[in-house]
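Here is how the chains run, residue by residue.
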Amino acid sequence: MDLLPDLPNDIALECLIRLPLDQFSIASSVCSNWKREIKHPAFLQRRKDSGLNRPVFALVQAVVTAITQPSGTINLSSTQFYRLALYDQEKGSWYDVPPIPELVDGLPMFCRVVGVGSELVVIGGCDPVTWRVMDCVFIYSFISGTWRRGADMPGDQRLFFGCSSDSERFVVVAGGHNDEKNALRSALLYDAAGDDWITLPEMAVERDECKCVFYHGTFHVIGGYPTHAQGQFQRSAEVYDTATRQWGLEEDFLCDDTCPQTCIAGGDGRLLYMCLDGGVVARCDATWRHVARLPAEISNVAYLTAGQGKLLAVGNSRFGELHSRYELDPISDGKEKSWRKLDTPDEYRGHAQSVCCIEI
């Protein structure tokens with residue numbers, strides 16, 4: 001049966017691969033032929049080969065509420081109810097991902113979100129009502145527009161861990177601390193295609209509040225601190241070698257003893273960026289260099305991420321303020337790069353706890 005009446009299937013497929021991301025699930029419900037084509041792995045590959053992939057930023061973000069003061073003024077404030085919001089960089093539009101059916105109180109606090117293929121994976125965190133640490137995994141498919149439950153994260157309870165994806169199949173979870181607040185050296189590999197967890201060798205040192213990034217084709221676990229020195233962030237990093245299945249320690253990987261949470265791999269995977277001393281710096285050939293000063297409005301950066309060659313910074317200037325978002329082209333001409341403030345509706349300016357970029 002033809003995909004579209006009176007059109008060759010090759011031309012009809014060229015129409016389908018140009019559908020906006022938020023229309024995939026709707027198009028899949030039109031008929032069985034469309035559903036079969038859109039769900040086939042070759043569909044996304046053809047879209048990619050045609051240069052139609054687009055970056056979408058996913059944010060674990062607090063719902064914003066309006067509080068009326070005795071004077072009658074209305075203040076906007078972040079709540080402790082978190083949901084998953086999406087920013088379409090090409091359209092400049094924001095919208096919500098459908099809520100996870102079994103999480104009636106919102107997403108787990110301190111959970112992590114990563115993109116794998118055409119799906120978003122939400123891992124761990126704690127119950128926003130009981131504060132019970134959760135080991136659950138939830139997976140959202142952009143193709144079907146639905147959530148499904150993944151295999152639970154095995155091992156001890158784990159919070160404030162590093163988490164990153166290779167964007168294609170695998171996710172690494174490393175470090176963090178257990179229910180006794182002891183920093184962890186353990187690490188896990190999640191195979192999203194097989195819905196299976198693999199225990200990796202332990203890292204050389206404990207790493208609470210570390211950052212995990214996929215950089216230069218390998219997983220890096222950066223910074224963090226051990227149990228005996230809480231809050232004293234380390235400069236070292238550990239790199240996982242998939243051939244030997246061992247971690248390699250790199251001393252002085254960071255240029256300062258600082259929290260690594262803003263450390264990210266650039267969209268091309270060649271450069272590493274992070275926020276430091278009121279600016280953004282980049283690591284190239286083991287050397288950190290200045291890229292740009294941060295706008296005063298986001299001097300307290302909550303998250304930095306990258307997509308399609310641009311950086312997205314999320315933050316505020318003081319505690320309690322709603323978050324603003326700025327975009328930067330780090331390789332643009334000019335001695336000092338210029339940030340562009342994104343027009344963000346107030347409902348999407350809530351506190352962000354985890355951010356990732358997925359290209360579909």
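Nothing here was measured: the structure is a model prediction, and the numbers come from that model.

**Concerning the overall build of the protein**
Working step 1: Along the protein, the regular secondary structure elements total 4 helices and 24 strands.
Working step 2: Taking 360 residues into account, the globule formula puts the C-alpha radius of gyration at 21 Å, and the protein, at 21 Å, falls close to it.
Working step 3: For the protein, the residues scored as buried account for 51% of the 360 residues in total.
Working step 4: By sequence separation, contacts in the protein at least 24 residues apart represent 50% of the contacts at least 6 residues apart.
Working step 5: Here the protein has roughly 16700 Å² of accessible surface; of this, 49% comes from carbon and sulfur atoms.

**Brief notes about the pattern of salt bridges**
Working step 1: The full count for this structure, using the stated rule, is 14 salt bridges.
Working step 2: Here R148 ties to E119 by a salt bridge, and the two come within 2.7 Å at their closest N and O atoms. Separated by 29 residues along the polypeptide, R148 in strand β7 (residues 146-150) and E119 in strand β5 (residues 119-123) bring together distant segments of the chain.
Working step 3: One salt bridge connects D257 with R235, and the closest N-O pair in it is separated by 2.9 Å. Here the residue D257 occupies a position in the loop between β15 (246-250) and β16 (264-265), and R235 occupies one in the loop between β13 (218-222) and β14 (237-241), the gap between them amounting to 22 residues.
Working step 4: Residue class for D257 comes out partly exposed when judged on its relative accessible area of 48%.
Working step 5: Through salt bridges with shared partners, one network takes in E102, R149 and D152.

**Some thoughts on the sheet that holds strand β24 (residues 352-359)**
Working step 1: Read from one edge of the open sheet, 4 strands run β3-β2-β1-β24, paired in antiparallel fashion. For this open sheet the edge positions go to β3 (93-96) and β24, each flanked by a neighbour on one side alone. Taking the axes of each pair of neighbouring strands and ignoring which way they run, one obtains an average angle of 45 degrees across the sheet.

**Overview of the layout of surface pockets**
Working step 1: Volume-wise, the second largest pocket comes out at about 850 Å³.
Working step 2: Every residue lining the second largest pocket is counted, 32 residues in all, and those nearest its centre are V301, A302, Y303, H351 and A352.
Working step 3: Only β2 (74-88), β17 (272-276), β20 (300-307) and β24 provide two or more residues apiece to the lining of the second largest pocket.
Working step 4: The class makeup of the residues in the lining of the second largest pocket is 13 nonpolar, 14 polar and 5 charged.

**A closer look at helix α3 (residues 32-39)**
Working step 1: Inspection of α3 places N33, W34 and I38 among the buried residues, and these make up the whole buried set. All buried residues of α3 fall inside an arc of 125 degrees around its axis, so they share one side.
Working step 2: Residues of α3 that are buried sit in contact with α1 (9-16), α2 (24-28) and α4 (41-49).

**Brief notes about unusual backbone geometry**
Working step 1: Although it is not a glycine, D195 adopts a positive phi angle of roughly 50 degrees.
Working step 2: Its place among the elements puts D195 in the loop between β10 (187-191) and β11 (196-200).
Working step 3: Take D195: its relative accessible area is 33%, and that puts it in the partly exposed class.
Working step 4: Phi at E209 takes a positive value of approximately 55 degrees, unusual for a residue other than glycine.

**A closer look at the packing of aromatic side chains**
Working step 1: Under the criterion given, the structure shown has 11 aromatic pairs.
Working step 2: Measuring from centroid to centroid gives 5.1 Å for Y240 and W247, while their planes differ by 55 degrees, and the two rings are tilted.
Working step 3: The class for Y240 is buried, based on a relative accessible area of 6%.
Working step 4: Judged by its relative accessible area of 13%, W247 is buried.
Working step 5: One aromatic cluster is present, built from ring pairs that chain together F57, Y87, W94 and Y348.

**What to know about the nonpolar core**
Working step 1: Core analysis: the biggest nonpolar cluster contains 40 residues, and L84, L86, L120, F142 and W147 have the highest contact counts within it.
Working step 2: Elements supplying a minimum of two residues to this core: α1, α2, α3, β1 (55-68), β2, β5, β6 (137-141) and β24.
Working step 3: Not counting the four nearest positions on each side in its chain, F142 is found in contact with L21, F24, S25, L86, S118, L120, I358 and I360.

**Some remarks on the pairing of β14**
Working step 1: A large share of β14 lies buried, amounting to 4 of its 5 residues.
Working step 2: As paired strands, β14 and β15 are joined by 5 bridges and run antiparallel to one another. Within β15, the position partnered with E238 by the bridge is L249.

Calculation rules
- Residues numbered from 1 in each chain as written.
- Predicted model: local features only at pLDDT ≥ 70, side-chain atom pairs only at ≥ 80, totals over all residues.
- Heavy atoms only, no water.
- Helix = DSSP H or I, 4+ residues; strand = E, 2+ residues; numbered from the N terminus.
- Rg over C-alpha atoms; globule rule 2.2 N^0.38 Å.
- Buried < 20%, exposed > 50% of the residue type's maximum accessible area, 1.4 Å probe, protein only.
- Contact = heavy atoms within 4.5 Å.
- Areas by Shrake-Rupley, 256 points an atom, 1.4 Å probe, with all protein chains shown as cover.
- Salt bridge = Lys/Arg side-chain N within 4 Å of Asp/Glu carboxyl O.
- Pairing = 2+ DSSP bridges.
- Axes fitted to C-alpha atoms, helices over the stretch in contact; angles between N-to-C directions.
- 1 Å grid on protein atoms, 1.4 Å probe; cavity = no way out; pocket = protein on both sides within 12 Å on 5 of 7 lines; lining within 4 Å.
- Points joined across faces, edges and corners; volume = space filled by probe spheres on them.
- Nonpolar A, V, L, I, M, F, W, Y, C, P; charged D, E, K, R; others polar.
- Arc of directions from axis to C-beta.
- Phe/Tyr/Trp six-rings, centres within 6.5 Å; stacked < 30°, edge-to-face > 60°.
- Core = buried A, V, L, I, M, F, W, Y, C linked by side-chain atoms within 4.5 Å.

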